Amino acid sequence: MAQDAARAPIGHPRDSTVTAVLGPTNTGKTHYAIERMLGHESGVIGLPLRLLAREVYDRVVALRGPSAAALLTGEEKIVPPRARYWICTVEAMPVGQGHDFLAVDEIQLCADPDRGHIFTDRLLNARGMRETLFLGSETMRERIRELIPRARFLRRERFSRLSYAGARKLSRLPPRSAVVAFSAESVYAIAELMRRQKGGVAVVLGALSPRTRNAQVALYQNGDVEHLVATDAIGMGLNLDLGHVAFAGLSKFDGARHRQLTAPELAQIAGRAGRHVNDGSFGVTAEAAPLEPELVEAIESHRFAPVRRLNWRNSRLDFGSVPALLAALERAPELPGLTRAREADDLRTLRLLWEDPQIRDMARGPAMVRLLWEVCQLPDFRKTSEAEHARLAARIYRFLASDKACISSDWMESRVRSVDRADGDIDALSRRLAYIRTWTYVANRRGWVEDAARWRETAREVEDRLSDALHARLTQRFVDRRTSVLMRRLKQKESLVAEVNDKGEVTAEGHALGRLDGFRFTPDPEARGDEARTLRAASNQALQSEFSRRADRFYNAPDTEIDLTEQGGLMWGEHAVGRLVKGADPLSPGVAAFVDEMAGDDVRLKVERRLTHWINRRVNALFEPLVKMRDDEALTGLARGVAFQLVEALGVIPRPRIAQDVKSLDQEGRAQLRKHGVRFGQHTVFMPALLKPAPTRLRLILWGLWEEHEEFAPAPPPGLVTIPAQPGLPDDFYPRAGYRLAGSRAIRIDMLERLADMIRALDARAGFEATADMLSITGCTLDQFAELMEGLGYKAEKRERPKPAPARAPKAADGAAESAATQEAAEAPAAEAPAAETPDAQGADAQAAQAPAQAEASEAPESAADAPQTAPDSAAPAAEAKSEAPAPEAEAEATDGTDAPAEDAPTQVEMQTYYVFTWAPRPRREGGRGRRAEGARPAQGRRAAEGGKGRDDARPKGKPRGKPKPKGKGAPRDEAPRQFAARPPRQDKPVDPDSPFAALLALKDKI
């Protein structure tokens, strides 16, 4: 009994003033203490964190004014001359100044292995003159009752309910949530991930300066971001509007080892959720282990095992010598429930400095020992090694122990200037902030520096600059400012107005939203997850008026502003506003408008109506003859059937496909179709007016739509008579493009019909040569023309012959003989050539199309380029083929007559190449009519000799119908009907005895 009495607490004279206000988080304990303090004339309150001290200081200043409140922390000192209320960190509390009120928050930290001895000392020795409050967890009730028997207890219940929500992925966390990690690296990694998923987060760490921390918390509290990532610093009294707390881990490094968090520690952090009367929840992230049911029950019910031991270190120190000081610090506790705290940083620093002989010599006497102990209490904000921190403390102590007894301004300036830089990344700025916190602490120690006021101000300004820079870097890295601003405006239901520049870039509130092309909005492609959804939501609101204005402007735009691409796209200037789709028939395509869903149905319908009107007018204008023929009710019977097929084929159809129908047409039906511009060609039935570039381009698009091609083949360049064949094109491309494929090239169908008219008058069985007109209308070289003719079913035989000599002035006698010989050579083949007679109806069609065909041929650049090249090669045959192609013997005689003078003969005869073309029909196919059925073979033989009717297009005999066309200048070529005859070769005419050549011939016979 005597031994127990000796160990009983002596107590404090003012223990009767002590009240322990205990309870879980969100019970208003700190708010209660502030109200009690302000009810007294003076007071002091100790808080666990510098951040929390600043928050309480701001509240007191708001209530009592800046002159009534003082802020005192290790790194910050704001002490007005007549301050009545002191807000401090627990370590910086002035405990011996006789304040009426004294309070210590989070008193359960007496059990903390690092700082617990400071809180235990305040519990035992700090008292207010009239009232003392210790705020904390219910787990401290037994220890407080044991150490302060006269203390009163006040239980406060939680205002809201706290419940366990289980594990959730970061992407599934609800708004107003905090994710708690236990290292800066983990905080940054989680914040980076959530920025991509959620658009941004605020970051709170214990190492942040109050200015940076307040700026980050403001991002969250103002609604700029909906999530917070923090360390366990938020568990120490930071009042945040949190609805859910998720633990990213359940263990931490406490400075000595990794350990699991205790149930009270988890409850302290989880209790930040559900502020005031709003219920809250807690849980873990998907990466953390789930909480045990017993632990969940303890946190929800706020029932935990009581604290068994409080960390204690002797506060009655002996400064007689350093060994005496060390002995006092190592003294064991005598009171029950106390345990000696583990060795702290200041004690380790003292041991290291005491090993320095120079320090030993300086630390003599109580004053110098006390000064050494104050220097050893310099916090290691830089988190360097023990030796590095000890070297800094030794340097400071040498300054203070020198004759000057303070740190020189030059040395302070060099140290402060080295960190006064706002560039760099988050880690660099954090390191500089740690360094400036060291110099801020030094500047706030009384008597340590020259001109202390100046250095306190300088250090604070540098810390503020670095804090602002760090906040900017954190925001830049972990917060999408655009998303945060838009989310706040949407949450406040404020209207957003979009601005669209001439490039289509959309901005709202000065932030880029995306791009508006026509009536389709594309959000910023860099936006992901919630950020992209926020952009869509903001754009949906901001672009409503812009969509309506743009739709009205488009509806009233002239037709010239709308165009059609080769792939069926509909363009309004530079904007794609729709595309054509397959309709009820080839001439009636549908329209699909490119209108964003956010624009609404009214805008979409208006755009569709405008596009439908435009394409209908476009089709009616370019296909006017075809549309009129389709709508002509006078067409009946077989004529209407042919017209229907032409409409389906968009005005161009190969003749073999409807040969039987054309053959069966009567003259009245043909006349009706010709009235609509239909031409019955030898190879194609078509409408010449639809072969122009614009109708051709539209025809290919409409054909591609009707056939449902994935990609539409582009139209050939306008003006070309022949084009190279392209592999891989769909079937029927060339007829729809207005061309006929012939081997490696394709020829325009109207020029093919003109070529057929020229060939029809020649003997295709005996053979003929290409004339200059043939090469001109096709725009081909001689070799290209030969390939073309082979593709049309002709055989091209390549030959050579001596090239005629250039023309020169002949002698009188020789010239007369030469002229006679040439005349004979020219007349002979003309009499022998059989003529093929074209059917009347077909000839009329050819004549009717002759003028426009010539006009279109004159536009072809290829003809103009190639014709001069082929002229030298075809000069001789062109002169001879005006009647018919001569036989080889006649050619030889003409050549011999030309080169008769021996003295003019060249040493080497120059040869020229030419082709002879003969009809080479393919063998008849079984069950078919062979090549002739395709309409490629010209009329010949008996029918031509008899002047018989054409196969399909004969007219009845008699007076021609219609008014005769005018003749003379400006009339189409071949206006007059051509006459053909087939007869035996005529006899040579007798020589006129009066001819000047008669004497020469008689002289020749005598010789």
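For the chain, an unreviewed UniProt entry supplies the name ATP-dependent RNA helicase SUPV3L1/SUV3 and the organism Oceanicella actignis.

What about the nonpolar core?
One finds Phe 519, Leu 587, Leu 611, Phe 623, Met 629 and Leu 673 to be the most contacted residues of the largest nonpolar core, which totals 69 residues. Ranked by residue count, the leading element in this core is helix α21 (residues 601-622), at seven residues. The contact partners of Met 629, leaving out residues within four places of it in the chain, are Leu 635, Ala 643, Leu 646, Val 647, Leu 673, His 676, Val 678 and Met 687. One finds Leu 173, Val 187, Ile 396 and Leu 466 within the second-largest nonpolar core, a separate group that totals 65 residues.

Side note on the environment of Arg 520
Tracing the backbone through its elements, the reader meets Arg 520 in strand β22 (residues 520-523). Among the residues examined, Arg 520 registers a relative accessible area of 36% and is labelled partly exposed. Residues in contact with Arg 520, not counting those within four places in the same chain, are Arg 515, Ala 576, Phe 594, Val 595 and Asp 596.

Things to note about the pattern of salt bridges
With the rule as written, the count across this model stands at 58 salt bridges. The closest approach of N and O atoms between Asp 100 and Arg 130, which form a salt bridge, is 3.9 Å. Of this pair, Asp 100 sits in the loop between β5 (85-89) and β6 (101-104) while Arg 130 sits in the loop between α4 (116-125) and β7 (131-136); the two residues are 30 residues apart in sequence, bridging distant segments of the chain. For Glu 138, the salt bridge identified is with Arg 155, shortest N-O distance 3.0 Å. Placement of Glu 138 in the loop between β7 and α5 (141-147) and of Arg 155 in strand β8 (residues 152-155) is noted, with a sequence separation of 17 residues between them. Ionic contacts of the salt-bridge type, sharing partners, join the residues Arg 50, Arg 54, Asp 58, Glu 75, Glu 76, Arg 437 and Glu 463 into one network.

Comments concerning the sheet that holds strand β12 (residues 227-230)
The strand order across the open sheet formed by six strands is β9-β16-β13-β10-β12-β11, and the pairing between neighbours is parallel. Each edge of the sheet is formed by a strand with only one pairing partner; in this case those strands are β9 (162-168) and β11 (202-204). Shown here is a sheet whose adjacent strand axes are inclined to one another by a mean of 25 degrees, direction ignored. Judged from the three bridges that link them, β11 and β12 form a sheet pairing that is parallel. Bridging from a neighbouring strand, Val 203 pairs with Val 229 of β12. Helix α6 (residues 184-198) contacts β10 (177-180), β11 and β12 of the sheet and is inclined by roughly 165 degrees relative to β12. Of the strands in this sheet, β9, β10, β13 (244-247) and β16 (280-285) touch helix α8 (residues 263-270), which is tilted by about 140 degrees from β13.

Details of the sheet that holds strand β32 (residues 745-748)
What the three strands build is an open sheet, ordered β30-β32-β31; its pairing is antiparallel. Lying at the two open borders of the sheet, with one neighbouring strand each, are β30 (722-724) and β31 (739-742). Neighbour-to-neighbour, the strand axes of the sheet open up by a mean angle of 25 degrees, direction not taken into account.

Reading the values: rules and limits
- Residues numbered from 1 in each chain as written.
- Predicted model: local features only at pLDDT ≥ 70, side-chain atom pairs only at ≥ 80, totals over all residues.
- Heavy atoms only, no water.
- Core = buried A, V, L, I, M, F, W, Y, C linked by side-chain atoms within 4.5 Å.
- Buried < 20%, exposed > 50% of the residue type's maximum accessible area, 1.4 Å probe, protein only.
- Helix = DSSP H or I, 4+ residues; strand = E, 2+ residues; numbered from the N terminus.
- Contact = heavy atoms within 4.5 Å.
- Salt bridge = Lys/Arg side-chain N within 4 Å of Asp/Glu carboxyl O.
- Pairing = 2+ DSSP bridges.
- Axes fitted to C-alpha atoms, helices over the stretch in contact; angles between N-to-C directions.

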